[in-house]
Each structure stands twice: as structure tokens, then as C-alpha cells.
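Listed below, chain by chain, are the residues.
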Amino acid sequence: MALIMRNPGTKQIIKRIRKLERHLNKLKMVPATRRRRSFVILPLVSKALTVSRAICALVDAGFPAEAFATSRTLLEILFSLRYITNKFTEERAEKYLKYQARVNFEWMNIAKKHLPKIASKMRVDPQTVKIAGEFESRGNWTGVRAQTWVMATEEDTFELDAYGKGKKDDFDYDGYYFWTSQYVHATVAGIYGHTIKRGEVFKVRAETKKKTIAQLMRCS
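Presented here is a report on the structure given in the accompanying data block.

1. Details of the overall build of the protein chain
Here is step 1 of the chain: Secondary structure summary: the protein chain contains nine helices and zero strands in total.
Here is step 2 of the chain: Its helices and strands in sequence order give the protein chain the pattern α-α-α-α-α-α-α-α-α, from N to C terminus.
Here is step 3 of the chain: Taken along the three principal axes of its C-alpha coordinates, the protein chain extends 65 × 55 × 40 Å.
Here is step 4 of the chain: Taking all 220 residues of the protein chain together, the buried fraction comes to 31%.
Here is step 5 of the chain: Across the protein chain, the 41 positively charged side chains and the 22 negatively charged ones have centroids separated by 8 Å.

Written out as C-alpha cells, the structure reads:
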């Protein structure tokens, strides 16, 4: 008799999330205040668990495509955690935190362009401007081009393959990251559940409630 493999439902996934959350909380960890990694790694783990709960909530509410899109956030957290913890952890964690200054600086520029009256009353912090200058791109905290690809494909310093080389997470990047991106952006795959058959009367979300994540994956 062939063994039938079934994907876990949201109830099973939530149960696993709760179990992991309880485990982490029972550890009663007090992060080292002088370590930059303490302000990055554990919060990213917490964010990943929260996003996982949100994905399940979207699926249960009848929004599978939106849930699939949100799962790309999990991949981005995975790549960031992988990159930060792989090597130069303190330096990379500090850079990750410093990037917020670049974001704040960008908001100042946006305010100057679109809300000049409000911008004229804003106080410009010299330290923020100085730190922001360390980042060339407003959308890149690592300082390298093709940031997500680099974070995913840097050779692992802990886990090695059969040939002694550091493993990469290129499959998740090439496959899942590209796949889920179709639902993040306004692509044909992203609007598939909103299409109607020729000659039918249009209805908002006509097909979305009928489609599961599995069906969406087959339609991509």
C-alpha cells in the first residue's frame, strides 16, 4: 500500500508555531546588551513566527493568494538570518541596524519633495545624516548588489555538502522566492483568482475563495 503524503493544514502549523514559541519563551533568554546580534537575531525569529501566524490567518479567511504573497516575507527573513549569522555576525548585525538611519534620511528627502512646509519644521539629526551616508542605496542594507541573491547563495560556514563546500540556499531563492514574488507583484499569476470565464458577469473575488494554496501553486 502506497504511503500518501499530506500537507499539514493551518491547525497543525499553528500548533507547531505555538510549540516553538513556548519553547523559546521557556528558555527565558536575556540577550546580551552589548551584542548587536541580540537586537537583530531574536527579533527576526519572533517576526518570522508572527508572519507565519498571519499566513495561516489569511488562508483560513479565504485569501490563499495573499497568504502565498506574504510567505515571501518569511524567505526574506530566512535569507537575512542566514547572512547575518553565517560570518562577521556582529558587523553585519550592526550594519542591519544602522540601515534604519538611511530609511529615516530617505523619509526626510520625501518630505522635502512632497511636503516642503512640514519638512522645513523638521529637525535634521547630523548623526542620522552621517550614518545614512554609509549606504549608497535606499533599498539595500548589505552594501552589495543583488542583495537577496547574495544573502541566499553565500557559502555556509557551518553546514557543508558532500564535497566539503559550504551549502547554499539557492533553491529557495531560484524557486520559492521567484514563485512567491509573482503574488507580491501585480503579475498575471497574482490576478489569476480574479479572472472570469469569457461571457460571464464580472464579480469581485469571484474565484479566490474557491482556490486553495495548492491550486494556486499548480496555476503558477
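Structure's up, so let's keep going.
2. Points about the pattern of salt bridges
Here is step 1 of the chain: Scanning the entire structure with this criterion turns up nine salt bridges.
Here is step 2 of the chain: A salt bridge links R53 to E21, with the nearest nitrogen and oxygen atoms 2.9 Å apart. Of the two residues, R53 is situated in helix α2 (residues 41-60) and E21 in helix α1 (residues 10-26); the sequence distance between them amounts to 32 residues.
Here is step 3 of the chain: A relative accessible area of 30% means that R53 is categorised as partly exposed.
Here is step 4 of the chain: Between R37 and E90 there is a salt bridge; the shortest N-O distance is 2.7 Å. A residue pair is termed long-range when its members are at least 10 positions apart, and R37 in the loop between α1 and α2 and E90 in helix α4 (residues 89-114) qualify at 53 residues.
Here is step 5 of the chain: Salt bridges sharing partners connect three or more residues here, namely E94, K98 and E134.

3. Side note on unusual backbone geometry
A negative phi angle is the norm for most residues apart from glycine, just as the trans form is the norm for most peptide bonds.
Here is step 1 of the chain: Positioned with a positive phi, F88 is a non-glycine residue whose angle comes to about 50°.
Here is step 2 of the chain: A positive phi angle, near 50°, is found at A146, a position not held by glycine.
Here is step 3 of the chain: By secondary structure assignment, the location of A146 is in the loop between α6 (126-132) and α7 (147-153).
Here is step 4 of the chain: By relative accessible area, which is 51% here, A146 ends up exposed.

4. Quick notes on the packing of aromatic side chains
Here is step 1 of the chain: Enumeration according to the criterion identifies ten aromatic pairs in this entry.
Here is step 2 of the chain: Taking the centre distance of 5.9 Å and the plane angle of 75° together, the rings of Y83 and W141 count as edge-to-face. In this pair, Y83 is assigned in helix α3 (residues 64-86) and W141 in the loop between α6 and α7, connecting sequence segments 58 residues apart.
Here is step 3 of the chain: In this structure Y83 comes out as buried when scored by relative accessible area, which is 8%.
Here is step 4 of the chain: Ring geometry for Y99 versus F135: centroids 5.7 Å apart, planes at 70°, classification edge-to-face. Of this pair, Y99 sits in helix α4 while F135 is found in the loop between α6 and α7, placing the two residues 36 residues apart along the sequence. As far as the burial class goes, Y99 and F135 line up, both buried.
Here is step 5 of the chain: A network of ring pairs unites the aromatic residues F68, F171, Y176, W179 and Y183 as a single cluster.
Here is step 6 of the chain: Directly above the aromatic system of Y83 lies the positively charged group of R92, at a separation of 3.6 Å from the ring centroid.

5. What about the packing of α1 against α2?
Here is step 1 of the chain: Running from N to C, α1 and α2 cross one another at 160°; their axes reach a closest spacing of 10 Å. For the element pair α1 / α2, the angle class is roughly antiparallel. Crossing angle aside, the handedness with which α1 passes α2 is left-handed. For the pair α1 and α2, contact is made by T10, I13, I14, I17, R18, L20, E21 and L24 and by V45, L49, S52, R53, C56, V59 and D60, respectively.
Here is step 2 of the chain: Taken together, the residues that form the contact of α1 with α2 break down as nine nonpolar, two polar and four charged.

6. Some thoughts on a positive patch on the surface
Here is step 1 of the chain: Residues K15, R18, K19, R22 and K26 make up a contiguous surface patch of positive charge.
Here is step 2 of the chain: Position of R22 relative to the elements: it lies in helix α1.
Here is step 3 of the chain: We classify R22 as partly exposed; its relative accessible area is 46%.

Cut-off values and rules
- Residues numbered from 1 in each chain as written.
- Predicted model: local features only at pLDDT ≥ 70, side-chain atom pairs only at ≥ 80, totals over all residues.
- Heavy atoms only, no water.
- Helix = DSSP H or I, 4+ residues; strand = E, 2+ residues; numbered from the N terminus.
- Buried < 20%, exposed > 50% of the residue type's maximum accessible area, 1.4 Å probe, protein only.
- Lys, Arg positive; Asp, Glu negative; His and termini not counted.
- Charge placed at Lys NZ, Arg CZ, Asp CG, Glu CD.
- Salt bridge = Lys/Arg side-chain N within 4 Å of Asp/Glu carboxyl O.
- Phe/Tyr/Trp six-rings, centres within 6.5 Å; stacked < 30°, edge-to-face > 60°.
- Lys NZ or Arg CZ within 6 Å of the ring centre and 35° of its normal.
- Axes fitted to C-alpha atoms, helices over the stretch in contact; angles between N-to-C directions.
- Parallel < 35°, antiparallel > 145°, perpendicular 65-115°, else oblique.
- Left-handed = near helix turned anticlockwise from the far one by under 90°.
- Contact = heavy atoms within 4.5 Å.
- Nonpolar A, V, L, I, M, F, W, Y, C, P; charged D, E, K, R; others polar.
- Patch = residues over 30% accessible without salt bridge, like charges linked within 9 Å, V, L, I, M, F, W, Y side chains within 5 Å.
- Areas by Shrake-Rupley, 256 points an atom, 1.4 Å probe, with all protein chains shown as cover.

Shape is all these values report; function is a separate question.
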